Structures are given as C-alpha cells and as structure tokens.
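Coordinates in review
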Amino acid sequence: MFELLIQGFASLLDPILLLLLVGAVAIGIVVGAMPGISPSLGVAIASPLTFVFDPFTGISCLLGIYIGAVFGGSIPATVIGIPGSAMAVTTVFDGYPMGRKGQAGLALGLSTISSFIGGVLASLILIVLAYPISQFALSLGPREYCAIAVLALMAVASLSGRSFLKGAIACLLGLFLATVGLDEINGQPRFTMGLPYLMGGIPFIAVIIGLFAIPEIMQRFERISHRTQPIVQVSKVLPSWPLLRRLIPAQLRSTGIGTIVGAIPGAGADVASLISYSQGRNLSKYRERFGSGEPEGIACSETANSASGVGALIPLLTLGLPGGAVTAVIIGSFMIHGLQPGPLLMRDHAPLVYQFFATTVIVNFIVLLIGLPGAKLFSRALQVKESILLPIILLICIIGAYALRNNPWDILVMLGVGVFGYYMAKAGIPRAPIVIGMTLGPIIESEIARGLLITRGNYLDFITPISAVIWAIALLPLYWPLLRLAFRRIKARPTYQNKHT
C-alpha cells in the first residue's frame, strides 16, 4: 500500500498535470464563490470537457474543481453574508460578522487553513480505510451488494429534503430513467418508443447538466440584477499562531464529524457543517461569542465542509456508491472512461486508485497555496454582473452537452430535463436523488439478476443473514413511523397500578 501511495504522489510531479490541477482548483473556487452556482453544477458542466484527457487526468481535474468549490463557498459567506452553497451557511454566522468588523481577510485565512486541515486529514483517513473496506466488499455476494445499493438509495431519499415522499419520488424517477434503452441482460429495448436515439439509454451527462445547471440559470434570470454586490474589504489574511493553536482541537473534532457524515449517502457537507458547528458551540469555552464573529465557529464549519467532501469519496471508491450529487457525477465520469468504481476497481486498478488518493492530498495543498494569497482576488469575482455571467454559463452548458457524443439531440434532452428540473425545484422536489437513482439503477438490476442466477430464481434464498440486516436498515424509513406510533401508544397506556388507584 505504501509503495502504491508513493507511486501515486510521483505521478503528480508532471508539470502539465500540476498546472491543470491548479487551474481546476481556481475554477472550483470561483464556482463556489458564486452564490447559487453549487459544486455539483460546476462539476456537471466541466465533466464532458474532461473526456479529452486520460481517466486519471480528467477525473483528477473534477476532484480539483469539487474540492476548490467546497472551499469557495466561504468567500461570499464572509464578504457579502450570502453563502456560496448550502454547505457554507454556518460560515455566515461568524464569517460575516468578522468581515463587518474589518477582519474579512482573517476570516478567509481561517477558512482556507481549516479547509486545508480538514481535507488533508480526511484524505489520510480515506487512504487508511479504503483498502479494508474494499476487501470486505469483495467478500460480499450480489445479494448483499444489492441490499447495500438499496440502502444507499433509501438514505438519499430520507436525507435529501424535508419530505421522504418527495425524495422517494425523485429516486424512483431516476430508477425509471435508468431502465430506458436496451436491457443489459436479454438485449430487449425498453421504453424507447421506437426511437433509435434512446437505444443507448438517456444520456447521463445531458441529464446532469439539465438538472443542475438549467434550473439554476432560470431561477437566477427571474431575479437578475444589473448591479454589483457591495463587498467588505479584504486585508490581512494570515492568522496568528496562538489563534491557530487554540483552534486545533475544534479542527480535529470537526474532521472526524465531517468524514463520518460525508461517508453517509445523502447526508452531505451541509449536514456535517451544522453538526460540527453545533458541537463546537456546545464544547467551546467561548460559546457566547458564537454568531458574533468567533474564529472557532469558522474553523468548525469549514473543517467539516472540506472533510465531508473527501469523506464522500469513501463509499464511491470502495463500494461504487455515490454519497451525493457531485459523487454521482464523478461516478458517471468513471463509467464513461470505462472504469467501474467499487471493490473491483481497488483490486484491478490499485495504482490508479492510489493516484486519486494522492490527488486529494495535493489538491488540498493547492487550495492552501492559492487560497491565502488569492482571497482578495477571488472575492472580486462576486462583482461580475449576472447579466454577463448567466449567458456564458448557458453557452458552456450547451457545449458540454454536445461535446461528448456530438449529437444535437443531447442538447434538446438537456434543455427538456432542465425545464422539468426547474418545476421540480418550484415544487420542492429534490433533484439529486434522480441522478443517484440513475447511477444505482443499473447496479441494483445487475445484482438482482446475478443473485437470482445463484438462487435459481428462488426469491426466498435471496435473503442471507447479512443482507437481511441491511434490508432491515434500508427499509427503516418505511416502518419507523409505525414503530414510533406503537411506542407512543405503549408509553401513553396507563399501567396496572394507575388503573386501580
């Protein structure tokens, strides 16, 4: 393992690759710094543009954009009080008050350093845990793996919004879209309506760009402003050593929280930052300062954000399961490059996997090296007028949808899905479960087919002791309300002694 990791770091010494990673991180920071342009949108738009590279270079660039965008959300949270994405909401609580006090540079410096610490430590956890998890996954059969995929799908439906029903509807829609095209088992066309275009299935990249980019563009056109945002001045960036030393316990704790929460499908960095911020406030000696410009609040939020971004790669690389919208896009990029994430990837392409491990570490160093001196410059990106920015983004989306297959129908699919996604957003239905359903659908279908071959079509033998436990956990959101109601009735029922007093 150590030798493979050294080889992974050595592969990153290529000057051209390093230059591409620096550019990817810079693009990611700018994407994250634009309120409303989420990391998933940035990665989705860039995904088809990376297919001109080899798998390692292309996917490494996507990781650079992803990790850079996670950090970039802290910039508008600090300088204008608007989070760049949902994961930076808690950064506003203390970052913006520090900016109002003339300490915006210090707040951005703390965000950069905390993101670096959380990302690097989470990368080390990923390196340590990936191999044993993948080895355990290799010992599982199709029946257990199918149950794990359903568990991930149910977790996404439960955690992707306030309504489990809306999340489940989105997941089912994604599963349905995954069935369009030729059946991989018997080669029969399904739901193609006689159109040759649909024989190969609905184009994944066009759906991703349509779901995440077009609705955001349409919503921002509704409230477009020709005025620039007033921003606070960014001056001193580097914090003092005594302050950094005081924040170390909070950063270590937030790294653990962020990594664990990030590895749970559907939880996401926003949940990790909220939990970390709440725990930090409860355990801090300066809890009364939280919400009024306390540096420890920024450290808790940004460390957890960065750690959860890397933590989401744990189920992706070891089990082939997406933890959220961004990792679903990255899984799609793996597949288009001819690679299937999961335990077999660790076994058959171990050097490539350790190259990705090394990339997560190096990318976080790049965030530190360009985030500290470039904080003032990146904050200026907020002054770009939306009337200029949105048409550029739309043009990039059209190019991205067309570039992969050179098929103009993909552009129409992207626009159609985008309009549908816009009305989904209006109805409060989450869009990420659709992408995750499209990713997990083929996995679930193939594992069911393999499992039935093993059991010779006997559905009762499909349940093993391990899969039974996983199925029980996976279906918990369905029967938990009934259990909770039963517990309430038992608790409210008068005891025998109360009846006779």
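This text gives an overview of the structure that appears in the document. Because the structure is predicted, anything quoted here is derived from the model rather than measured.

Quick notes on the packing of aromatic side chains
The full count for this structure, using the stated rule, is nine aromatic pairs. Taking the centre distance of 5.4 Å and the plane angle of 75 degrees together, the rings of phenylalanine 334 and phenylalanine 356 count as edge-to-face. Of this pair, phenylalanine 334 sits in helix α16 (residues 325-336) while phenylalanine 356 is found in helix α18 (residues 350-379), placing the two residues 22 residues apart along the sequence. This pair shows no difference in class: phenylalanine 334 is buried, exactly as phenylalanine 356 is. One aromatic cluster in this structure is built from Phe56, Phe334 and Phe356.

Describing the side chain of threonine 90
Mapped onto the elements, threonine 90 comes out in helix α6 (residues 89-100). Within the structure, threonine 90 has its side chain in polar contact with the side chain of serine 301 (distance 2.6 Å). Discounting residues that sit within four places of it in the chain, threonine 90 has contacts with Ser273, Leu274, Tyr277 and Ser301.

Describing empty space enclosed by the protein
Here the structure, examined in full by the defined rule, presents three cavities of 30 Å³ or more. The space that makes up the largest cavity amounts to roughly 50 Å³. Lining the largest cavity are Ile59, Leu63, Leu126, Leu313, Leu316, Leu317, Ile330, Phe334, Phe356 and Thr360. Looking at the lining of the largest cavity, the elements with two or more residues in it are α4 (55-72), α15 (313-319), α16 and α18. Tallying contributions element by element places α15 first for the lining of the largest cavity, with three residues. For the lining of the largest cavity, the class distribution of residues is nine nonpolar, one polar and no charged. Roughly 40 Å³ of internal volume is contained in the second largest cavity. Lining of the second largest cavity is provided by Ile67, Val70, Ser306, Gly309 and Val310.

As for the pattern of salt bridges
According to the stated counting rule, one finds six salt bridges in the structure shown. Note that glutamate 445 and arginine 190 form a salt bridge whose closest N and O atoms lie 2.6 Å from each other. Of this pair, glutamate 445 sits in helix α21 (residues 432-455) while arginine 190 sits in strand β2 (residues 189-190); the two residues are 255 residues apart in sequence, bridging distant segments of the chain. The class for glutamate 445 is partly exposed, based on a relative accessible area of 27%. Of the charged contacts in the structure, one is a salt bridge between glutamate 296 and arginine 246, with a shortest N-O distance of 3.7 Å. Of the two residues, glutamate 296 sits in helix α14 (residues 295-311) while arginine 246 sits in helix α12 (residues 241-262), which places them 50 residues apart along the sequence. Residue classification places glutamate 296 among the buried positions, given a relative accessible area of 8%. Overlapping salt bridges bring together Arg246, Arg289, Glu294 and Glu296 as one network.

With respect to α4
If you check α4, its first and last C-alpha atoms are 25 Å apart, about what 18 residues at 1.5 Å a residue would give, namely 26 Å. Across the 18 residues of α4, 17 count as buried, placing the element largely inside the fold. Its side-chain oxygen 3.1 Å from the backbone nitrogen of phenylalanine 56, aspartate 54 forms the N-cap of α4.

Describing the packing of α4 against α16
Orientation of α4 relative to α16, taken along the N-to-C sense of each, is 170 degrees, at an axis distance of 10 Å. The angle between the axes of α4 and α16 places the two elements in the roughly antiparallel class. On α16, the residues touching Ile59, Leu62, Leu63 and Tyr66 of α4 are Val326, Ile330, Ser333 and Phe334. In terms of residue class, the contact of α4 with α16 is made up of seven nonpolar, one polar and no charged.

Regarding unusual backbone geometry
With a phi close to 55 degrees, phenylalanine 191 is a non-glycine residue in the positive phi region. Within the secondary structure, phenylalanine 191 sits in the loop between β2 and α10 (204-212). In this structure, methionine 193 takes a positive phi of about 55 degrees despite not being glycine.

Thoughts on the environment of alanine 168
Mapping alanine 168 onto the fold places it in helix α9 (residues 164-179). By relative accessible area, alanine 168 is classed as buried at 18%. Between the C-alpha atom of alanine 168 and that of alanine 157, which follows or precedes it by 11 residues, the distance is 5.0 Å.

Points about the layout of surface pockets
As a volume, the second largest pocket reaches approximately 1000 Å³. Surrounding the second largest pocket, 47 residues form its lining, Glu184, Met335, Gln340, Thr439 and Pro442 being those nearest its centre. Class assignment for the residues of the lining of the second largest pocket results in 28 nonpolar, 12 polar and seven charged.

Analysis parameters
- Residues numbered from 1 in each chain as written.
- Predicted model: local features only at pLDDT ≥ 70, side-chain atom pairs only at ≥ 80, totals over all residues.
- Heavy atoms only, no water.
- Phe/Tyr/Trp six-rings, centres within 6.5 Å; stacked < 30°, edge-to-face > 60°.
- Helix = DSSP H or I, 4+ residues; strand = E, 2+ residues; numbered from the N terminus.
- Buried < 20%, exposed > 50% of the residue type's maximum accessible area, 1.4 Å probe, protein only.
- Polar contact = N/O pair within 3.5 Å; in protein donor to acceptor, adjacent residues only side chain to side chain.
- Contact = heavy atoms within 4.5 Å.
- 1 Å grid on protein atoms, 1.4 Å probe; cavity = no way out; pocket = protein on both sides within 12 Å on 5 of 7 lines; lining within 4 Å.
- Points joined across faces, edges and corners; volume = space filled by probe spheres on them.
- Nonpolar A, V, L, I, M, F, W, Y, C, P; charged D, E, K, R; others polar.
- Salt bridge = Lys/Arg side-chain N within 4 Å of Asp/Glu carboxyl O.
- Expected span 1.5 Å × (residues − 1).
- Axes fitted to C-alpha atoms, helices over the stretch in contact; angles between N-to-C directions.
- Parallel < 35°, antiparallel > 145°, perpendicular 65-115°, else oblique.

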